[in-house]
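This is what each chain is made of:
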Amino acid sequence: HWLKLCTASLLSPVLSARLQAEAVSALTESATAQHEVGTDAYTTARPFTGRFPASWFISKIIDGVRHIIEQNDASEQLAALQSQYQLSKLAEIGINHEMPPDMLEDYMADFTAIHLDW
């Protein structure tokens, strides 16, 4: 499930400031916007080849709803996240919220390389 992808984003105060700034631009651009990216890596000395299509976009969308999700009790956060998915550009462009395990693993590998200094 793409909903499982939010765990690291929702729990990491270190990533919050950086991702929040990036989320603003991701949430305001067209769903069909295209970008040429030299590297998505947090550490530019260690570029990587993305394994998941548009992992940066999904990460920004998830982080963009962090403040909404965190306002809810833990027991209500999944329902709030599902609701936000329905309103998101992810749903708008047809990215399925249910992912096979291999796609989830590819996303998590990209997420780690994008956001963590490893």
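J.: Report on the pattern of salt bridges, specifying residues and quantitative values.
T.: Per the stated rule, a full pass over the model turns up four salt bridges. Ionic pairing is found between Asp63 and Arg66, a salt bridge with its closest N-O pair at 2.9 Å. One network of salt bridges, with partners in common, ties together Arg51, Glu105 and Asp106.

J.: Lay out helix H5 (residues 74–87) with the relevant residues and their values.
T.: The terminal C-alpha atoms of H5, which comprises 14 residues, lie 21 Å apart, in line with the 20 Å expected from a rise of 1.5 Å per residue. For H5, the complete set of buried residues consists of Ala80, Leu81, Gln84 and Tyr85. Axial view of H5: buried residues confined to an arc of 145°, hence all on one face. Summarising the geometry of H5, the exposed residues directed more than 90 degrees from the buried face are Ser75, Leu78 and Gln86.

J.: Describe the packing of aromatic side chains, with residues and values.
T.: In this structure the tally under the stated criterion is three aromatic pairs. An angle of 75° between the planes, with centres 5.9 Å apart, marks the rings of Trp56 and Phe57 as edge-to-face. Overall, Phe57 belongs to the buried group, its relative accessible area being 6%. Aromatic side chains Tyr107 and Phe111 sit 6.0 Å apart centroid to centroid with 40° between the ring planes, which places their arrangement in the tilted category. One end of the pair, Tyr107, and the other, Phe111, are both in helix H7 (residues 101–115), four residues apart, so they sit about a helical turn from each other. An aromatic cluster of at least three residues, connected via ring pairs, comprises Phe52, Tyr107 and Phe111.

J.: Give me the lowdown on the nonpolar core, citing residues and values where you can.
T.: Residues Phe52, Phe57, Ile58, Ile61, Ile62, Tyr85, Leu90, Met99, Tyr107 and Phe111 constitute the largest nonpolar core, which totals ten residues. Counting residues per element, the ones that place at least two in this core are helix H3 (55–64) and H7. The element best represented in this core is H3, accounting for four residues.

Conventions we followed
Residues numbered from 1 in each chain as written. Predicted model: local features only at pLDDT ≥ 70, side-chain atom pairs only at ≥ 80, totals over all residues. Heavy atoms only, no water. Salt bridge = Lys/Arg side-chain N within 4 Å of Asp/Glu carboxyl O. Helix = DSSP H or I, 4+ residues; strand = E, 2+ residues; numbered from the N terminus. Expected span 1.5 Å × (residues − 1). Buried < 20%, exposed > 50% of the residue type's maximum accessible area, 1.4 Å probe, protein only. Arc of directions from axis to C-beta. Phe/Tyr/Trp six-rings, centres within 6.5 Å; stacked < 30°, edge-to-face > 60°. Core = buried A, V, L, I, M, F, W, Y, C linked by side-chain atoms within 4.5 Å.

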